[in-house]
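Summary of the model geometry
Each chain is listed here by its residues.
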Amino acid sequence: MSIPAIDLMTALRSGHSTSPRLTWYGPDSERVELSGRVLDNWVAKTSNLLQDELDAEPGLRLRLDLPAHWKSMVLALAAWQLGMEVVLDSGDAELLATQSPEAGSGGAAFDAVIAVPLPALAMRWPGDLPPGVVDFAADVRSHGDVFMAHQDPEGSQRAIVSAAGTAHTHSELLEGFAATHDTGVRLLVRAGEGLEEALVQSLGAWHNGGSVVLVHPDVSVTEKLLNDERVQGD
């Protein structure tokens, strides 16, 4: 069966697929722009990595120990496309994606750990990784641009629990969890407000045919940036 996350990815790669959907401004003058088609490719590759290498399936949980960043957005979309639950706090999960694999798992047991280097041009993890840790940057590129699930996800399964403690199922992801935005909005999202807020706002923009400009806390949101990106409603 289809769930809203799958329908969203179908919409992003269809229609105006070459238009920007996610633009990232990061430290050291980073600017990454993903069109709908490219964003879908990244999400498909990540879903294939999770499914084929880590045996991810509907109902499993992926903890994102990551800040708001274009890569954490991709990981969340990939998990939801699979029918997984995304965990943003220190809750239990089978899989962990983290920018700090050297810190260990804090005593928690995970079936697999994914190291996610955040610099835009990182082709692999900078240095040695603990045994068994998956290098996201190095491994994801080898996976296919088209995702086909091995198991159908269930809309009634949990997709995320908000910081307020509200559980949202996959069926409710775009109507209950996502924010409401005008059709075609070009939305500024400040990464400093946290990953949950970035997901809430971005899902709402994409659901209504819009796009997102995600800005790292160290990047000044200037009038030039707003004008260059044609941001609405800051």
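In what follows, the structure referred to is the one given above.
Computed from a predicted model, the values in this text were never measured in an experiment. (Residues numbered from 1 in each chain as written. Predicted model: local features only at pLDDT ≥ 70, side-chain atom pairs only at ≥ 80, totals over all residues. Heavy atoms only, no water.)

Before going further, it helps to examine the overall build of the protein chain. Looking only at helices and strands, the protein chain features 7 helices and 11 strands. For 234 residues, the compact-globule formula gives about 17 Å, and the C-alpha radius of gyration of the protein chain, at 17 Å, lands near that figure. The dimensions of the protein chain, computed from C-alpha atoms along their principal axes, are 45 × 40 × 35 Å. With 234 residues in all, the protein chain has 53% of them scored as buried. Contacts in the protein chain between residues at least 24 apart in sequence constitute 66% of all its contacts with a sequence separation of at least 6. Per element, the accessible surface of the protein chain, about 10,600 Å² overall, is 46% carbon and sulfur. Within the protein chain, the 33 negative side-chain charges are centred at a point lying 8 Å from the centre of the 15 positive side-chain charges. (Helix = DSSP H or I, 4+ residues; strand = E, 2+ residues; numbered from the N terminus. Rg over C-alpha atoms; globule rule 2.2 N^0.38 Å. Buried < 20%, exposed > 50% of the residue type's maximum accessible area, 1.4 Å probe, protein only. Contact = heavy atoms within 4.5 Å. Areas by Shrake-Rupley, 256 points an atom, 1.4 Å probe, with all protein chains shown as cover. Lys, Arg positive; Asp, Glu negative; His and termini not counted. Charge placed at Lys NZ, Arg CZ, Asp CG, Glu CD.)

Turning our eyes to something else, we now look at the packing of helix H1 (residues 4–12) against helix H3 (residues 70–82). Closest axis-to-axis distance for the H1/H3 pair is 7 Å, and the angle between their directions is 120°. Between H1 and H3, the crossing angle belongs to the class labelled oblique. For H1 against H3, the interelement crossing comes out left-handed. Of H3, the residues touching H1 (which contributes Ala5, Ile6, Leu8 and Met9) are Leu77, Trp80 and Gln81. Looking at side-chain class alone, the contact of H1 with H3 contains 6 nonpolar, 1 polar and no charged residues. (Axes fitted to C-alpha atoms, helices over the stretch in contact; angles between N-to-C directions. Parallel < 35°, antiparallel > 145°, perpendicular 65-115°, else oblique. Left-handed = near helix turned anticlockwise from the far one by under 90°. Nonpolar A, V, L, I, M, F, W, Y, C, P; charged D, E, K, R; others polar.)

Tracing the backbone through its elements, the reader meets Asp40 in helix H2 (residues 36–54). Setting aside chain neighbours within four positions, we find Asp40 in contact with Met9 and Arg13.

Turning our attention to the side chain of Glu30. By the secondary structure assignment, Glu30 is in strand E2 (residues 30–35). For the buried residue Glu30, which engages in no salt bridge, the nearest side chain bearing the opposite charge is Lys71, 7.7 Å off. Among the polar contacts listed, one links the side chain of Glu30 to the side chain of Trp24, at a separation of 3.0 Å. The residues touching Glu30, leaving out its near neighbours within four places in the chain, are Trp24, Tyr25, Leu118, Pro119 and Ala120. (Salt bridge = Lys/Arg side-chain N within 4 Å of Asp/Glu carboxyl O. Polar contact = N/O pair within 3.5 Å; in protein donor to acceptor, adjacent residues only side chain to side chain.)

Moving on, we come to unusual backbone geometry. The residue Ser29 is not glycine, and still its phi comes out positive at about 60°. The class for Ser29 is exposed, based on a relative accessible area of 75%. Look at Asp55: it is not a glycine, yet its phi comes out positive at around 60°. Looking at the secondary structure, you find Asp55 in the loop between H2 and strand E3 (61–65). A relative accessible area of 57% places Asp55 in the exposed class.

A word on H3. Relative to the 18 Å expected for 13 residues at 1.5 Å per residue, H3 spans 19 Å between its end C-alpha atoms, a close match to the ideal helical length. In terms of burial, H3 is a largely internal element, 13 of the 13 residues being buried. Gly83 sits one or two residues past H3 and shows a positive phi near 85°. (Expected span 1.5 Å × (residues − 1).)

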